[in-house]
Amino acid sequence: MAVLIAGSAVRTCLGSGAETFDGLLRGACGVSPLRYGDSGQLNVAYGYHAELDGEPFRAGRLLAECLKEAVEQSDVDTATQRVAVLVGTGLRELSAVERLALTGEPVSAGRLDFADVVAETLPGAAYVTTVVNACSAGGHVLALAQDMLELGECDAVVVAAADAMTRSMLAMVGRVAETPTERVRPFDRERTGVLLGEGAAALVVVPESWDGPALGRVAATGLSCDAHHATAPDIEGIARAMSDAYTRADRAPSDVDLVVAHATGTALNDPVECEAMRKVVLGGGGNPLVTAVKGSTGHTSGSAALVNVDVALRIFASGEVPAVAGLTDPLDEGIGLRLVIGDTVTARPDLVQVNSFGFGGVNAVTLLERV
């Protein structure tokens, strides 16, 4: 059963959802000098930071802003309706655990998995489940929401995701680059690696019987967990998620007009994602435009999928597809793909594919339709 999106909110280094989309259309890059840890020891000199004062509980604070905005936009009432909240994340509030280890600063368990944040922001919500599923977490909770609504377990589901920078994740990013990456350059031949971006997003998902306004329709989300490698992507696992989405939606790759790609700007992800799209989408008769956002926002980890969904919804509304910031010379594996380079493209897509892939081979591919 397809479901509708009745509200959507985003926070990234570029600001709100509207500000983020405006930045994408302008080709803006939100990178700035790293604000946490010792950049020399971490081998990371830059990041895509959200504009928040102070370090503690940044992910939860971004999440709270998105939850409030999305629910207010949707007119869903947590006091009178059965509303579940699903939160996807890669790291939860890991920075708080790091501070506990370094300084002994206490932290409650409820702050770590966002239960306290949701209770404070949406006090009438029926229950909260946090899914820690790497960089595709937002796509996985969106799939779970669709199942819950189809089964009649609730009247609406608030699907959210959030992540902020942590020193341990920064250290891991620094270990895979010989020299610090200066900016993310998705699908570019000269890409030098990923940089973390702080972000959060929230969607309000309702059944198709919803009689209020809707921003878009979720046809299906395809999932796979290939467990191919701890960090390296696998083309077959990604292709299975894409094919699963089309099968569940009863649509064909030839129907898709646009792909909002995962596109991390890394040596392994970009060519594998391109090859998977060539295999499934182009191989199935599709010829969509392909865009991506991480050149502007950095890698927002667990919230990346829902940030991409919000961008797709704004493309539906505006008829403008932003170019891939940082992309000037496409990699060889991108040959045949209609990558949006340089300037915004005017288009009115009816079906959009949103890719998200995570460590361990947890993959989620969502198909969104214009309402």
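Worth saying up front: this structure is predicted, and the values here are computed from it rather than measured. (Residues numbered from 1 in each chain as written. Predicted model: local features only at pLDDT ≥ 70, side-chain atom pairs only at ≥ 80, totals over all residues. Heavy atoms only, no water.)

## With respect to the packing of helix α9 (residues 235-249) against helix α10 (residues 269-282)
If you want to describe how two helices pack, look at the angle between their axes and the distance between the axes.
In step 1: In contact at an axis separation of 9 Å, α9 and α10 are set at 40° when each is read in the N-to-C sense. Taken together, the axes of α9 and α10 lie oblique to each other. Along this stretch, α9 crosses α10, giving a crossing that reads as right-handed. Along its contact with α9, which presents I235, E236, I238, A239, M242, S243 and Y246, the element α10 presents V272, E275, A276, M277, K279, V280 and V281. (Axes fitted to C-alpha atoms, helices over the stretch in contact; angles between N-to-C directions. Helix = DSSP H or I, 4+ residues; strand = E, 2+ residues; numbered from the N terminus. Parallel < 35°, antiparallel > 145°, perpendicular 65-115°, else oblique. Left-handed = near helix turned anticlockwise from the far one by under 90°. Contact = heavy atoms within 4.5 Å.)

## Description of the environment of T78
In step 1: Following the sequence through the fold, T78 ends up in the loop between α3 (58-74) and β5 (83-89).
In step 2: Residue T78 is classed as buried on the basis of its relative accessible area of 14%.
In step 3: Ignoring any residue separated from it by four or fewer positions in sequence, one finds T78 in contact with V83, L122, G124 and A125. (Buried < 20%, exposed > 50% of the residue type's maximum accessible area, 1.4 Å probe, protein only.)

## Some thoughts on the pairing of β5
In step 1: Across the seven residues of β5, seven count as buried, placing the element largely inside the fold.
In step 2: Residues V83, V85, V87 and T89 point to one face of β5 and A84, L86 and G88 to the other, with burial holding for every one of them.
In step 3: Where β5 and strand β7 (residues 156-163) come together, six bridges link them in parallel fashion. Each bridged residue has a counterpart across the sheet, and for V87 the counterpart in β7 is A160.
In step 4: As paired strands, β5 and strand β6 (residues 127-132) are joined by six bridges and run parallel to one another. Bridge pairing links V87 to T130 in β6. (Pairing = 2+ DSSP bridges.)

## Considerations on unusual backbone geometry
In step 1: In this structure, F187 is a non-glycine residue whose phi angle is positive, near 65°.
In step 2: Mapped onto the fold, F187 is located in the loop between α8 (167-175) and β8 (199-207).

## Observations concerning helix α4 (residues 94-103)
In step 1: Turning to α4, its buried residues are S95, A96, E98 and R99. Projected down its long axis, α4 shows its buried positions confined to an angular sector of 155°, all on one face.
In step 2: The inward-facing, buried residues of α4 abut α5 (109-112) and α8.
In step 3: Following α4 by one or two positions, G104 adopts a phi angle in the positive range, close to 80°. (Arc of directions from axis to C-beta.)

## Some thoughts on the packing of aromatic side chains
In step 1: Under the criterion given, the structure shown has zero aromatic pairs.
In step 2: The ring of F57 is capped by R99, whose NZ or CZ atom sits 5.5 Å from the centre of that ring.
In step 3: Across the ring face of F57, the terminal group of R111 is positioned such that the distance to the ring centre comes to 5.3 Å. (Phe/Tyr/Trp six-rings, centres within 6.5 Å; stacked < 30°, edge-to-face > 60°. Lys NZ or Arg CZ within 6 Å of the ring centre and 35° of its normal.)

## A few points about the pattern of salt bridges
In step 1: Summed over all chains, the structure comprises 22 salt bridges.
In step 2: Note that R185 and D188 form a salt bridge whose closest N and O atoms lie 3.2 Å from each other.
In step 3: Residue class for R185 comes out partly exposed when judged on its relative accessible area of 22%.
In step 4: The salt bridge involving E208 is made with R217; its shortest N-O contact spans 2.6 Å.
In step 5: For E208, a relative accessible area of 39% gives the class partly exposed.
In step 6: Overlapping salt bridges bring together E208, R217, R251, D255 and E369 as one network. (Salt bridge = Lys/Arg side-chain N within 4 Å of Asp/Glu carboxyl O.)

## Comments concerning helix α1 (residues 17-26)
In step 1: Every buried residue belonging to α1 is among G17, T20, F21, G23 and L24, and all of these are buried. Taken end-on, α1 shows its buried residues confined to a sector of 160°, consistent with a single buried face.
In step 2: Each element contacted by the buried residues of α1 is listed here: β1 (3-12), β2 (15-16), α11 (294-297), α12 (304-318) and β12 (320-321).
In step 3: Phi turns positive one or two residues past the end of α1, at G27, with a value near 75°.

## Some words on the side chain of D226
In step 1: Residue placement: D226 occurs in the loop between β9 (216-225) and α9.
In step 2: Buried charge without a partner: D226 forms no salt bridge, and the closest opposite charge is R240, 5.1 Å away.
In step 3: Within the structure, D226 has its side chain in polar contact with the backbone nitrogen of H228 (distance 2.8 Å).
In step 4: Polar contacts involving the side chain of D226 include one to the side chain of N363, which spans 3.1 Å.
In step 5: If we skip the residues at most four places from it in the chain, D226 touches D234, G237, I238, R240, G360, G361 and N363. (Lys, Arg positive; Asp, Glu negative; His and termini not counted. Polar contact = N/O pair within 3.5 Å; in protein donor to acceptor, adjacent residues only side chain to side chain.)

## As for the environment of V176
In step 1: Looking at the secondary structure, you find V176 in the loop between α8 and β8.
In step 2: Note: C-alpha distance between V176 and D113 (63 residues apart in sequence) is 28 Å.

## Section: the pairing of β7
In step 1: Of all eight residues in β7, eight are buried; the element is thus mostly enclosed.
In step 2: A two-sided burial pattern is seen for β7, the buried positions comprising A156, V158, A160 and A162 on one face and V157, V159, A161 and D163 on the other.
In step 3: As paired strands, β7 and β8 are joined by seven bridges and run antiparallel to one another. Directly across from A161, in β8, lies its bridge partner A201.

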